[in-house]
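# Structural description and commentary
Chain by chain, the residues run as shown.
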Amino acid sequence: MSKEEKKESAAQNKENTGSEMQTENQETPKTELQLAQEKIASLEKQVEDLKKSNADLNDQVLRRAADFDNYRKRSIQEKQEVFDFANTNLLKDLLDSLDNFDRTIDAAATATDPKTIAEGIRIINKSMVSMLENKYNLAAYGEVGDAFNPDLHEAIGSSQDPVAEPVLKAVYLKGYKLKDRVIRHAKVMVSMPDGTVTENKENNSGEAAAEDGTAKTSLDESK
């Protein structure tokens, strides 16, 4: 190969090398741009996925809030209905007594014997009391002679009497218990001890002891 051919070949190789380097320099920015675009596309997809997920969560929250609000309204309505109609069974049972009272009043208009009207009222009262006691556990209390109990009785007056302990002298209004709970205290007059019963007991005890002693002395003398 001549010198000129060698020079031409070297120049050609140099030109090719320069061209390859230029091509590489042109391809590098394009690859970085593509990576950046791919990253942006991936981020945009994540953003869309998050938006969709957020929309779903918001929808669930709104649905649950609506369900809870409906539940709250139903609960309030049910409680109000329970309150409004809690005494339905009791009132239905009392209707029979009201009907009997109406019939008694009608009969009283033409009755000639007041005793028959009084007897009819007594029967109605007995039936009502029995129903309230047996079905609803409502019990009346308070009788003359019962021991006074401030937890059960409301004293509206008192007097000093020959009793050993406070007792009911008069009952103006009976007390009532629902099961074991007092729902109305009995209004009563109370007899308070005046001290005479205790003194009489002591005197009686002394006299009895004296009599026993006299009897024993007589027995000893007879021996």
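Here the structure is a predicted model, which is why all the values come from computation and not from measurement.

### Side note on the nonpolar core
Of all hydrophobic cores here, the largest spans six residues; its members are Tyr 141, Leu 152, Leu 168, Ala 186, Val 188 and Val 190. For this core, the element with the highest residue contribution is strand E6 (residues 186-193), accounting for three residues.

### Section: a nonpolar patch on the surface
Together, Leu 95, Leu 98, Phe 101 and Ile 121 make up an exposed nonpolar region whose accessible area comes to about 340 Å². The leading source of residues in the nonpolar patch is helix H2 (residues 88-108), at three residues. Inspection of the secondary structure puts Ile 121 in helix H3 (residues 114-136).

### A closer look at the sheet that holds E6
If you trace the three strands from one edge of the open sheet to the other, you get E2-E6-E3, paired in mixed fashion. At either margin of the open sheet sits one strand with a lone partner, and together these are strand E2 (153-161) and strand E3 (167-173). Shown here is a sheet whose adjacent strand axes are inclined to one another by a mean of 25°, direction ignored. Note: E2 against E6, eight bridges, orientation parallel. Pairing of Ser 158 across the sheet is with Val 190, part of E6.

### Considerations on the layout of surface pockets
For the largest pocket, the calculated volume is near 190 Å³. Taken together, Asn 125, Met 128, Val 129, Leu 132, Glu 133, Leu 138, Ala 139, Ala 140, Lys 174 and Tyr 176 make up the lining of the largest pocket. When residues of the lining of the largest pocket are traced back to their parent elements, those giving at least two are H3 and strand E1 (138-141). A total of five residues in the lining of the largest pocket trace back to one element, the largest contributor, which is H3. Of the residues that constitute the lining of the largest pocket, the class distribution is seven nonpolar, one polar and two charged.

The rules behind these values
Residues numbered from 1 in each chain as written. Predicted model: local features only at pLDDT ≥ 70, side-chain atom pairs only at ≥ 80, totals over all residues. Heavy atoms only, no water. Core = buried A, V, L, I, M, F, W, Y, C linked by side-chain atoms within 4.5 Å. Buried < 20%, exposed > 50% of the residue type's maximum accessible area, 1.4 Å probe, protein only. Helix = DSSP H or I, 4+ residues; strand = E, 2+ residues; numbered from the N terminus. Patch = residues over 30% accessible without salt bridge, like charges linked within 9 Å, V, L, I, M, F, W, Y side chains within 5 Å. Areas by Shrake-Rupley, 256 points an atom, 1.4 Å probe, with all protein chains shown as cover. Salt bridge = Lys/Arg side-chain N within 4 Å of Asp/Glu carboxyl O. Pairing = 2+ DSSP bridges. Axes fitted to C-alpha atoms, helices over the stretch in contact; angles between N-to-C directions. 1 Å grid on protein atoms, 1.4 Å probe; cavity = no way out; pocket = protein on both sides within 12 Å on 5 of 7 lines; lining within 4 Å. Points joined across faces, edges and corners; volume = space filled by probe spheres on them. Nonpolar A, V, L, I, M, F, W, Y, C, P; charged D, E, K, R; others polar.

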